[in-house]
Each structure stands twice: as structure tokens, then as C-alpha cells.
Amino acid sequence: AALRVNVVAPLALFQAFLPHLRRGEGRVLHLGTSVAFHPQRGTAVYGVTKMAFHRLYEQLNAEQVGVPVASLSPGMVDTEGVRDHVGKARSLG
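Keep in mind the model is a prediction, meaning the values are calculated, not measured.

K.L.:
How should I be thinking about the packing of aromatic side chains in this particular structure?
P.N.:
Describing an aromatic ring pair means giving the distance of the ring centres and the angle of the ring planes. Following the criterion strictly, the structure yields two aromatic pairs and no others. Ring centres 6.2 Å apart and planes at 90° place the aromatic pair Phe-14 and Tyr-57 in the edge-to-face group. Highlighted residues: Phe-14 in helix H1 (residues 2-22) and Tyr-57 in helix H2 (residues 44-62), separated in sequence by 43 residues. Overall, Phe-14 belongs to the buried group, its relative accessible area being 5%. Residue classification places Tyr-57 among the buried residues on the basis of a relative accessible area of 7%. Seen from their ring centres, Phe-53 and Tyr-57 are 5.1 Å apart, and the 70° between their planes marks the pair as edge-to-face. Here Phe-53 pairs with Tyr-57, and both are found in helix H2, just four residues apart, close to one helical turn. Under the relative-accessibility criterion, Phe-53 is labelled buried at 8%.

This is the structure we're talking about:
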């Protein structure tokens, strides 16, 4: 499920909007996560799929698809999911 959410769906959306984007009707902003670059216990599937997501957008830039593509990693955001992850990571020691 994580691969579909973090890689397949964003690529499908990009492909669907590409004709509009090429007409100058927008830009692509990739929101990343530091977990892709800094492995942490308990984040294997999430981290690997987010790294694949990051690599996908690097490749789109390399292919020069004619659309502005940028990447941003906002850092830790206090959400229920993050608090749950932190709690689980602490329990692992």
C-alpha cells in the first residue's frame, strides 16, 4: 500500500496533469521527508517508498519534461502519526 500511495499515485497524478503543466498552468512541488535520507528504526517501508518518491522527481528533472519541479522537506511536523511513530521508536529502545 505504501508504494501505491507514495510513488504510483503521485506519478499517475503528474502524468494526468502534465498537459496542463506544459501549458504553464502550474508547477510541481515535491514534499519530502528526512526519513528518506536518515533511516530510523520502524520506518523501513515508509522511508524506502519516500526515497523512491524523491528519486522519481529527480528523474523527472533529469528527463527535462518541460515542467518546473521543486522539492521541499519541511522537517518534523507535529502530527498524530509522528507522535505515534516516536512512541513506537522509543519502545524499541
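K.L.:
What is the right way to look at the pairing of strand E1 (residues 28-31) in this model?
P.N.:
Where a strand is regular, its side chains alternate between the two sheet faces. A one-sided burial pattern is seen for E1, the buried positions being Val-28 and His-30 and the unburied ones Leu-29 and Leu-31. Across four bridges, the pairing between E1 and strand E2 (residues 69-72) is parallel. Among the inter-strand pairings, Leu-31 is bridged to a residue of E2, identified as Leu-72. This β-α-β element, E1 to H2 to E2, shows right-handed connectivity.

Reading the values: the criteria
- Residues numbered from 1 in each chain as written.
- Predicted model: local features only at pLDDT ≥ 70, side-chain atom pairs only at ≥ 80, totals over all residues.
- Heavy atoms only, no water.
- Phe/Tyr/Trp six-rings, centres within 6.5 Å; stacked < 30°, edge-to-face > 60°.
- Helix = DSSP H or I, 4+ residues; strand = E, 2+ residues; numbered from the N terminus.
- Buried < 20%, exposed > 50% of the residue type's maximum accessible area, 1.4 Å probe, protein only.
- Pairing = 2+ DSSP bridges.
- Right-handed = clockwise from strand over helix to strand, strands pointing away.

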